[in-house]
Each structure stands twice: as C-alpha cells, then as structure tokens.
Amino acid sequence: ANSVLSSYSTTVFEVMSQLALEHDAINLGQGFPDEDGPEELRKIAADSLMEGPNQYPSMMGIPELRQAIAKHDKKFYGINLDWKTEVMVTSGATEALADCLFGLIEPGDEVVVLEPSYDCYIPLIKRAGGIPVTVQMSAPDWKLPIEELDEALTHDTKLIIINSPMNPTGKAFHWEELEALAELCLRYDIYAVCDEVYEHLIFDGRKHYPLITLPGMRDRTVRIGSAGKSFALTGWKIGYICGAPEVLAPIAKAHQFTTFTTPPNLQKAVAAGLSKDKSYFASMTKDLEAKRDYLAKALADIGFEVLPCDGTYFVTVDIRGVHNGRDEEFCRYITTEAKVAAIPVSVFYDMEGPSNLVRFCFSKRREVLEEAVSRLRKAL
Ligand code: PMP
Ligand code: GLN
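Just so it is clear, the model here is predicted, and its values are computed rather than measured.

**Quick notes on the overall build of the chain**
The helix and strand inventory of the chain stands at 13 helices and 13 strands. Structurally, the chain occupies a C-alpha span of about 55 × 50 × 50 Å along its principal axes. Out of the 380 residues in the chain, the part that is buried amounts to 48%. Sequence separation of at least 24 residues holds for 73% of the intrachain contacts in the chain that already meet a minimum separation of 6.

Okay, structure coming up:
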C-alpha cells in the first residue's frame, strides 16, 4: 500500500531552487540571505567545534543558550521565563513546529491555520492526526478575519497556529488584531502556537508583539524563534520554544523522539548572538529594510502591484498588471526566461486560493537585486 507520505508533494522551496540552479537563475524564491551571518558568531561556533565538547548536549538545550533565550525574551518583550522549565532548543523552527503538533494534539483534534500559510504547517498537522481548518486572509492588507475565525473555531479545536511577521504575506499583526486573537483563544479555550521566526525582521519602526504577552495568554501560548532568521544563518537550524512548563512538557516529549538534541557548538554561538543588545538587532533590520525598499520600488516600476510588507524576507506582488496567467506558470516563466526565480503564493493554500500573487525574497546583496530587476525588466 502507498504510505501517506508518498502523497506529499515536494516542497516548493526545493522545486524552485532546483529549477533556479538548472537555469542559472538568481534565486529570489527560497528565503535565505546570500551572505553568511555575523563572522563573530561563526568564529565562536568554529572555536567551540575544535575545543568541544562535541557529545550529546542536554535534551532541552545547553544551559548557556536556554539562559540567553530567557534573557532575550525579557529584554525585548518583558517575558519572565524560567530557563530550566520554560525554554527548549530545537533543530530549527521546523522541528519546534513538529514537536508542538505531535506533543499537543490528539488524533481528530482540529487545528486552525490562517492562509496563505507557511508550507510545513498543514502536512505536519495531518501527519500528527489533526484536522486542519483553514481560514483565508485577503490581500492586500491581510487583515485578521475575526468573524471567519470565530466561525472556524469549535469545541473540537485544540490549537491555532499564528505566524507574525507572516510568511509569505510580510504581514505583522497589529496589537488590536492580537487582542482579538487572544480573546478567541480564551473563549474557545485553545492553545496558540506562535511562529515568530521573523520577530526581529520587522520594518518601519513597527514593534513585534508576542501573543504570549497578552493578558490570559501566558499559560496557553508557545513562542517559537529561529536563529536562522534572526542572524542570517539559515543552514544552522537552531530554533527554540518558550512556554509554560505544563505546555512545554508534552512538546519536549515529542522532541526526545524527533531529534533529541542539537549541535552544541552552534548552540553556543547562538547564545552569544541572542545576548547582543537591541542596537545590534536593529542594525541588521535596517540593512534588510533598505533591501525591501529597493526591491519593492523596482518591482512597482516594472508594473507589478506591490503589496504592503511589514517584515520578513519577502515582498509579495500582484502579477496581473504584467502577466495573464497563473502565478505558478509565471514563476516558471521568469525562472527559465528572465533567469530570476520566485515563489507562487497559491502553493500556500490547502484548497483553492488566489493565483495572481508571487513572493520575491529580498535578503540578497544590493548588486544581486539590481541584476534581478534588470533581468525582469528586459523579459517582461
Ligand atoms: N516558519 C516560517 C514562517 C519560516 O519562514 C521558516 C523558514 N525559516 C520556518 C518556520 C523554519 O525555520 P527553520 O529554518 O529554523 O526550521
Ligand atoms: N522559510 C523559507 C522560505 O519561506 C524556506 C525554508 C525551506 O526551504 N524549507 O522560503
């Protein structure tokens, strides 16, 4: 018999990155910076690799990193975490999400997801025996659809996944939207799994508000972060989860049978990174904001309708002013003809969603963005 996994399609990030390689295209598809993260952190990782220890670290993560995560969350958001019982290190936010779903839901539980949704959520929910219930958001401002959410939530709902700043929309939820979300979580007595991997990549002076800081949410929310995104080290796959001990305990049970632990030298380096002061993070964000500004304006000049982007690595455009056809076909066309790859947003919907939106990644060197723009201008 066919296994369930054989019905999974290959993730769009792999498909588009392979196509980009094949056609020697500039890859503005998969979200990763084209420069390595801070040398200082890479040096700590390299030194620590040579000095050791290189054996299994504690299952919850090395104390140094768990303490640094707790201090980071206190410094930025005023969250008081007990690093021993309320913080766990994972091999990337992806593992953190899998642990949450395997640890918190029972077969048959409903899990509410806002769409467009990051691509691993729905396959993981299904694999954990959950039933995904999707609620679509609408371009261009991707406002929280409170009434639709209220309708989707039932007494069979176990949890909701919230991603802010959000991939692929670039939307960062406003305080009022988070208040409405918190009210719903309390009313339906559900958990919130908050994917906040882009917490530091938020622009225009906006502030990131973790849902866990809202009244009543401390004991029903887990907050997920990733060093990959915070420090432009996506290949390291160091993630973390913070939450109340009773919520984290079942998630840790899942973690022990997924990866159990994470390379110690990388954990040490991330601890140093998270200990930096606010200005360190702010300057990385400023650089990224300038790239967003450049690419958003250049794409608008080409004739795309550029949607608002509050944060993340991504800007989304409506292609209708430039192309008659579906987003997928357009992305194949620009990858093979213009030699610039991007991601069709329709892949972030479980059922039918819009097919006129395309996501471009701007976390690239300025000259690379300029070359990509010039290629698009010529081909379109
Ligand atoms: N969530 C979102 C919204 C993402 O964009 C990504 C990709 N960085 C992840 C989770 C996975 O993060 P990681 O690479 O740390 O597993
Ligand atoms: N988060 C990255 C993106 O949205 C992709 C990570 C991956 O390839 N799995 O592009």
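**Observations concerning the UniProt feature "domain: Aminotransferase class I/classII large" (unreviewed entry) in the chain**
The UniProt record annotates "domain: Aminotransferase class I/classII large" (unreviewed entry) at residues 24–376. In the segment residues 24–376, helix accounts for 41% and strand for 16%; the C-alpha atoms at its two ends are 14 Å apart.

**Side note on the domain arrangement of the chain**
Each assigned domain of the chain is listed with its residue range as follows: domain 1 (4–30 + 279–379) and domain 2 (39–276). On a C-alpha basis, the centres of domain 1 and domain 2 stand 24 Å from each other. The interface is formed by 30 residues belonging to domain 1 together with 27 residues belonging to domain 2. Sorting the residues of the side of domain 1 that touches domain 2 by element identifies α11 (278–302), β10 (314–318) and β13 (357–361) as the ones contributing at least two each. With 6 residues, the top contributor of residues to the side of domain 1 that touches domain 2 is α11. Partitioning the side of domain 1 that touches domain 2 into residue classes produces 19 nonpolar, 6 polar and 5 charged.

**Regarding the site of ligand 1**
Around ligand 1, the structure places 15 residues, and the nearest of them are G92, A93, T94, N167 and S226. Secondary-structure elements contributing two or more residues to the shell around ligand 1 are α4 (92–104) and α8 (227–230). In terms of residue count, α4 provides more of the shell around ligand 1 than any other element does, 3 residues in total. When the residues that make up the shell around ligand 1 are grouped by side-chain class, the tally is 3 nonpolar, 9 polar and 3 charged.

**Topic: the sheet that holds strand β8 (residues 239–243)**
An order of β2-β8-β7-β6-β5-β3-β4 is seen for the 7 strands of this open sheet, with the pairing classed as mixed. Across the chains shown, the open sheet's two edge strands, defined by having one partner strand only, are β2 (87–90) and β4 (131–136). Across this sheet, the average inter-strand angle for adjacent strands is 20°, counted without regard to direction. On the sheet, helix α9 (residues 245–258) packs against β2, β6 (191–195), β7 (221–226) and β8 and is oriented at approximately 25° with respect to β2.

**Concerning the sheet that holds β10**
As summarised here, the arrangement of the 4 strands in space is β9-β10-β13-β12, forming an open sheet in which the pairing is antiparallel. Because the sheet does not close on itself, it has two edges, and the strands there are β9 (305–306) and β12 (343–344). Looking at chain direction, β12 and β13 are connected through 2 bridges and run antiparallel. Looking across to β13, one finds that P344 is bridged to V358. α11 rests against β9, β10 and β13 of the sheet, and its axis sits at about 10° to β10.

The rules behind these values
- Residues numbered from 1 in each chain as written.
- Chains lettered and ligands numbered in written order.
- Predicted model: local features only at pLDDT ≥ 70, side-chain atom pairs only at ≥ 80, totals over all residues.
- Helix = DSSP H or I, 4+ residues; strand = E, 2+ residues; numbered from the N terminus.
- Buried ≥ 20, exposed ≤ 12 C-beta atoms within 10 Å, placed from the backbone.
- Contact = placed C-beta atoms within 7 Å.
- UniProt positions renumbered as here; feature names shortened; annotations may be inferred.
- Domains from an automatic or database assignment.
- Nonpolar A, V, L, I, M, F, W, Y, C, P; charged D, E, K, R; others polar.
- Near = placed C-beta within 6 Å.
- Pairing = 2+ DSSP bridges.
- Axes fitted to C-alpha atoms, helices over the stretch in contact; angles between N-to-C directions.

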